[in-house]
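A look at the structure
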Amino acid sequence: MLSKNLILTLLILVLSASVDAEIDYLTLEWRYNAGGGITSIYLSDLDRDGYKEIMAGSYDGNIYLLDRKGNLRWRYYVFCPVYSVHAADLNSDGNEEIITGSCRPVHVLNTSRDLRWRFTTSGKVRYLSAEDLDDDGDKELMIASDSGRVNNFYVLDKDGNPLWKKTFRGAYPQSVYVTDLDGDGHKEVLIGAGILSVFDNAGNKRWTYKTGGRVAYLSATDKEIFVGSYPYLYVLNTNGTLNREYKTSGMVESVYVTDLDNDGTDEIIVGSDKLYLFNKDGNLIWDYDTGSDIHLVHAEDLDKDGYKEIMVGSDRVYILNRDGNLEWEYPTYRSVTGLQVVDLDGDGYDELIVGSMDHNVYVFKVRGVYLKERKNETKSKEEMEAEVVSTTIPEEGIENQSDISPSPEPEATPSTGVDYTVYLLLLIILSFAVFLLSRRRS
């Protein structure tokens, strides 16, 4: 039994070493444990010191304000679960208000936690956002509430007075997006519930689009509208006609459009039952199965190699490269509810901020040392290639220098970031353990 346990332990060490030996450019900087699941996070420089604070809403009824180092500045209790948090300068006085939505009330606070005003909705406040809809210099507050069968969308002025309201039966207004669709200088409000509804800034309906299921995601560019539903991502023209669609096998909850491979053409990253990458023609490039529904996707060049990585919020946090290969993952134990990338401390390297239903706000730091090593290795390789090309190949004989693969001296080869010594040592130990076990049996 002792030998078997020894072998099992060694196998675990081998697996652990294989993970640790991989290039890992993210480390857990800090973690804050709240009294309940984190439902929403929002970042803003509330005290105007040049650094953003993290607001986190929790099921324990508190909104938490954390500084960039993970210290609790304060918390504010609203007596029932907080479902959404936001910050905006509603009255254009230069100071942002902190806005929190709970089981029915919306609380608007100043940065000293003094209550400015309160508005009561008909249900759980699932969505908060602020936009200057009428271009008067002050922002209007948009609120979506979930009451079950009958759900409401409210637009309030800076002092909490209702301007207009819309009622939706069935699915609640889960996604909202504001933009000037027709280029007339006036904003439209796109609301996704059971269908997509588009209103002008005064609440007059412009048009609707019926999707296959409830609308779980909305965004728009100056030419197209992206609508996530089940099981399609619909891409509409700004007049509401279908341009193209992308099929998944689940509810489309998050979308990110960007040029991943730097070829001048955007790819479409879709979070659904899997992570899907489509080209603009609707063809699937690759997919990645996390084993759980994907709630959030984002893309950013974390490792400063010139290409964006894909960040995925599912049952844990994943980072994939542009080819769909897993680079990093971290277990959050329950669903990821918030995912943002920002340079919190102003050192030039991004942090990955994650909120999870496991009660935690996580901040992961991109390791500057690793990035410098990568940069030096890349530079050295480029210098070596340039030197070999210039000394061994006549310029007039080169048709395409990118096809030349010089072979530098072994001592000049850049490090791969993996130390195989640990593998060799563990292999020797494992072999010795197997030898002992065989001797014991004989």
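Residues numbered from 1 in each chain as written. Predicted model: local features only at pLDDT ≥ 70, side-chain atom pairs only at ≥ 80, totals over all residues. Heavy atoms only, no water.

1. Brief notes about the nonpolar core
Leu 26, Leu 302, Ile 319, Trp 328, Leu 352, Val 354 and Phe 364 are the most contacted members of the largest nonpolar core, which has 16 residues in total. Within the residue set of this core, elements represented by two or more residues are strand 28 (316–320), strand 29 (326–331), strand 30 (336–342), strand 31 (351–356) and strand 32 (360–366). Ignoring sequence-local partners within four residues, the contact set of Val 354 consists of Ile 41, Val 317, Thr 332, Val 336, Gly 338, Leu 339, Asn 360, Val 361, Tyr 362 and Phe 364. (Core = buried A, V, L, I, M, F, W, Y, C linked by side-chain atoms within 4.5 Å. Buried < 20%, exposed > 50% of the residue type's maximum accessible area, 1.4 Å probe, protein only. Helix = DSSP H or I, 4+ residues; strand = E, 2+ residues; numbered from the N terminus. Contact = heavy atoms within 4.5 Å.)

2. Here we look at the packing of aromatic side chains
Scanning the entire structure with this criterion turns up 16 aromatic pairs. Taking 5.0 Å as the distance between ring centres and 75 degrees as the angle between the ring planes, the aromatic pair formed by Trp 328 and Phe 364 counts as edge-to-face. Placement of Trp 328 in strand 29 and of Phe 364 in strand 32 is noted, with a sequence separation of 36 residues between them. By the burial criterion, Trp 328 is buried, and Phe 364 matches it. Note on Tyr 362 and Phe 364: the rings are 5.9 Å apart at their centroids and 10 degrees apart in plane angle, and the pair reads as stacked. With respect to class, Tyr 362 is no different from Phe 364; both count as buried. Every member of this aromatic cluster is reached through a ring pair, and the members are Trp 328, Tyr 330, Tyr 362 and Phe 364. The lysine or arginine in question, Arg 68, covers the ring of Tyr 51, its NZ or CZ lying 3.7 Å from the ring centre. In this arrangement the basic side chain of Arg 126 is found over the ring face of Tyr 172, its NZ or CZ atom lying 5.7 Å from the centre. (Phe/Tyr/Trp six-rings, centres within 6.5 Å; stacked < 30°, edge-to-face > 60°. Lys NZ or Arg CZ within 6 Å of the ring centre and 35° of its normal.)

3. Focus: the state of the cysteines
According to the stated counting rule, one finds one disulfide in the structure shown. Cys 80 shares a disulfide with Cys 103; S-S distance 2.0 Å. As the torsion about the S-S bond is roughly -85 degrees, the Cys 80-Cys 103 disulfide counts as left-handed. Of this pair, Cys 80 sits in the loop between strand 5 (72–77) and strand 6 (84–88) while Cys 103 sits in the loop between strand 7 (97–101) and strand 8 (105–109), and the two are 23 residues apart along the sequence. (Disulfide = S-S within 2.5 Å.)

4. Points about the side chain of Ser 129
Locating Ser 129 in the fold gives a position in strand 10 (residues 124–131). For Ser 129, a relative accessible area of 11% gives the class buried. A polar atom in the side chain of Ser 129 sits 3.4 Å from the side chain of Tyr 127. Once residues within four sequence positions are removed from consideration, Ser 129 is found in contact with His 86, Glu 140, Leu 141 and Met 142. (Polar contact = N/O pair within 3.5 Å; in protein donor to acceptor, adjacent residues only side chain to side chain.)

5. Points about the sheet that holds strand 20 (residues 232–237)
Reading across the sheet, the four strands line up as 18-19-20-21 and stay open at both edges, with antiparallel pairing between neighbours. Looking along the sheet, the strands with just one partner apiece sit at the ends: strand 18 (217–220) and strand 21 (242–247). Mean inter-strand twist for the sheet, computed between neighbouring axes without regard to direction, equals 15 degrees. Where strand 18 meets strand 19 (residues 224–228), four bridges bridge the pair, whose relative direction is antiparallel. Counterpart to Tyr 217 in the pairing with strand 19 is Gly 228. (Pairing = 2+ DSSP bridges. Axes fitted to C-alpha atoms, helices over the stretch in contact; angles between N-to-C directions.)

6. A few points about the sheet that holds strand 16 (residues 196–200)
Pairing within the open sheet is antiparallel, and its four strands lie in the order 14-15-16-17. Each edge of the sheet is formed by a strand with only one pairing partner; in this case those strands are strand 14 (175–179) and strand 17 (205–209). Across the sheet, the mean angle from the axis of one strand to that of its neighbour is 15 degrees, orientation sign disregarded. When strand 16 meets strand 17, the two strands line up antiparallel, connected through four bridges. Of the residues in strand 17, the one forming a bridge with Ser 197 is Thr 208.

7. Brief notes about unusual backbone geometry
Geometrically, the link from Tyr 230 to Pro 231 is a cis peptide bond, its omega value of -10 degrees lying close to zero. Position of Pro 231 relative to the elements: it lies in the loop between strand 19 and strand 20. The phi angle at Phe 79 is positive, at roughly 75 degrees, despite the residue not being glycine. Judged by relative accessible area, Phe 79 falls into the exposed class, the value being 67%. If you check the backbone angles, Lys 304 has positive phi at about 55 degrees while not being a glycine. Note that Lys 304 resides in the loop between strand 26 (296–300) and strand 27 (309–313). Among the residues examined, Lys 304 registers a relative accessible area of 45% and is labelled partly exposed.

8. Structural notes on the pairing of strand 18
Of the two faces of strand 18, the one lined by Tyr 217 and Ser 219 and the one lined by Leu 218 and Ala 220 are each fully buried. Linking two consecutive strands that pair antiparallel, namely strand 18 and strand 19, is a turn of three residues.

Geometric descriptors of this kind do not, in isolation, establish any biological role.
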